[in-house]
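This is what each chain is made of:
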Amino acid sequence: MSAASDERHVFEVVSTRDVHVGRILALRVDEVRMPDGSVHSREVVEHLGAVAVAAVDDDGQVVLIHQYRHPLGKRLWELPAGLIDRADEDPLATAKRELVEEAGVTAANWSVLVDVAPSPGFTDEVLRVYLATGLSDTARQHMGEEEADLEVHRVPLAEAVRMTMAGEVVNAAAVSGILAAHAALSGAVRARPADAPWLDRPTAFTDRH
């Protein structure tokens, strides 16, 4: 990034108001001053940060879950994933917990694959996707009605890549995680350390509490 980028217009928030504050998200409207001096409204969904796990076993199979998602009205192929409940919660600890709760799996080795902002045009949500290897089975925990209904599968990573490219996998964390896991495990790129800085981790919603 060039030094000139630091001199670009600052999009000043003139005022802000809450429309809705719920359990896992809030909707606010910001009045933002544009480069030409005009002020325009921007709707922003504040969201808890989240993590997902591309867990790949010694046979080259990735753990996928098949879960009903009401907004889309159907089951989606996803990676084990979950929300970060507290501002002081370690995202790696969240990832380890979700892998056990949703898939009944623990992992010996962890690294960071990608950080994903699914819809930055209206939400500050960012997900961190981890790579987990050295898998072991453990007792799966059912934490709620959605988790109790999900199905756990192990799919060859190459098949998961095919499913993604064919449009059979559309969940943002799953798409990015599957492709990034394939790239990392093939040697094309190197994953980051598990404790790599997360510069874009969302904080607005947790700061409310």
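Residues numbered from 1 in each chain as written. Predicted model: local features only at pLDDT ≥ 70, side-chain atom pairs only at ≥ 80, totals over all residues. Heavy atoms only, no water.

## So, the nonpolar core
For step 1, the next point in the chain: If you look at the biggest cluster of nonpolar residues, it comprises 25 residues, and the most contacted ones within it are Val 62, Leu 64, Leu 79, Leu 113, Val 129 and Ile 178.
For step 2, the next point in the chain: Elements with a minimum of two residues in this core: strand 4 (50-55), strand 5 (61-69), strand 8 (105-116), strand 9 (127-137), helix 3 (157-165) and helix 4 (172-185).
For step 3, the next point in the chain: Ranked by the residues each element gives to this core, the list is headed by helix 4, at 6 residues.
For step 4, the next point in the chain: The residues touching Ile 178, leaving out its near neighbours within four places in the chain, are Leu 64, Leu 79, Leu 157, Ala 160, Val 161, Thr 164 and Val 169.
For step 5, the next point in the chain: Grouped together as the second largest cluster of nonpolar side chains are 20 residues, Ala 55, Ile 84, Leu 135 and Trp 198 included. (Core = buried A, V, L, I, M, F, W, Y, C linked by side-chain atoms within 4.5 Å. Buried < 20%, exposed > 50% of the residue type's maximum accessible area, 1.4 Å probe, protein only. Helix = DSSP H or I, 4+ residues; strand = E, 2+ residues; numbered from the N terminus. Contact = heavy atoms within 4.5 Å.)

## Here we look at the sheet that holds strand 3 (residues 39-47)
For step 1, the next point in the chain: Sheet architecture is open: 3 strands sit in the order 1-2-3, paired in antiparallel fashion. Looking at which strands have only one partner, the edges of the open sheet turn out to be strand 1 (13-21) and strand 3. On average, adjacent strands in this sheet sit at an angle of 20 degrees to one another, irrespective of strand direction.
For step 2, the next point in the chain: Relative to strand 2 (residues 25-33), strand 1 runs antiparallel, the two being bridged by 7 bridges. Bridge pairing links Ser 15 to Glu 31 in strand 2. (Pairing = 2+ DSSP bridges. Axes fitted to C-alpha atoms, helices over the stretch in contact; angles between N-to-C directions.)

## Some thoughts on the pairing of strand 8
For step 1, the next point in the chain: Relative to strand 9, strand 8 is paired through 10 bridges, and the arrangement is antiparallel. The residue of strand 9 that forms the bridge with Val 112 is Tyr 130.
For step 2, the next point in the chain: Of the strand pairs in this sheet, strand 8 and strand 11 (residues 192-193) are connected by 2 bridges, and their pairing is antiparallel. Residue pairing for strand 11: Val 112 is matched across the bridge by Arg 192.

## Observations concerning the side chain of Arg 128
For step 1, the next point in the chain: Mapped onto the secondary structure, Arg 128 falls in strand 9.
For step 2, the next point in the chain: A relative accessible area of 1% means that Arg 128 is categorised as buried.
For step 3, the next point in the chain: Polar contacts involving the side chain of Arg 128 include one to the main-chain carbonyl oxygen of Ala 196, which spans 2.7 Å. (Polar contact = N/O pair within 3.5 Å; in protein donor to acceptor, adjacent residues only side chain to side chain.)

## Remarks on the sheet that holds strand 4
Hydrogen bonds between backbone atoms are what pair the strands of a sheet, whose relative direction is either parallel or antiparallel.
For step 1, the next point in the chain: In spatial order, the strands read 7-4-9-8-11; together these 5 strands make up an open sheet with mixed pairing. This sheet does not close on itself; its edge strands, each paired only once, are strand 7 (81-83) and strand 11.
For step 2, the next point in the chain: Here strand 4 pairs with strand 9 via 6 bridges, running parallel. The residue bridging Val 51 from the neighbouring strand is Arg 128, located in strand 9.
For step 3, the next point in the chain: On the sheet, helix 1 (residues 91-103) packs against strand 4, strand 7, strand 8 and strand 9 and is oriented at approximately 120 degrees with respect to strand 8.
For step 4, the next point in the chain: Of the strands in this sheet, strand 4, strand 8 and strand 9 are in contact with helix 4, which crosses strand 8 at around 110 degrees.

## A closer look at the packing of aromatic side chains
For step 1, the next point in the chain: Scanning the entire structure with this criterion turns up 1 aromatic pair.
For step 2, the next point in the chain: When the centroid spacing of 6.1 Å and the interplanar angle of 80 degrees are considered together, the rings of Trp 110 and Tyr 130 count as edge-to-face. Of the two residues, Trp 110 is situated in strand 8 and Tyr 130 in strand 9; the sequence distance between them amounts to 20 residues. Like Tyr 130, Trp 110 is buried. (Phe/Tyr/Trp six-rings, centres within 6.5 Å; stacked < 30°, edge-to-face > 60°.)

## Quick look at helix 1
For step 1, the next point in the chain: Taking 1.5 Å per residue as the helical rise, helix 1 with its 13 residues ought to reach 18 Å, and the 18 Å between its terminal C-alpha atoms agrees with that figure.
For step 2, the next point in the chain: Counting buried residues in helix 1 gives 10 out of 13 residues, a clear majority hidden from the surface.
For step 3, the next point in the chain: For helix 1, the complete set of buried residues consists of Pro 91, Leu 92, Thr 94, Ala 95, Glu 98, Leu 99, Val 100, Glu 101, Glu 102 and Ala 103.
For step 4, the next point in the chain: Once helix 1 finishes, Gly 104 follows within two positions and takes phi at roughly 65 degrees, a positive value. (Expected span 1.5 Å × (residues − 1).)

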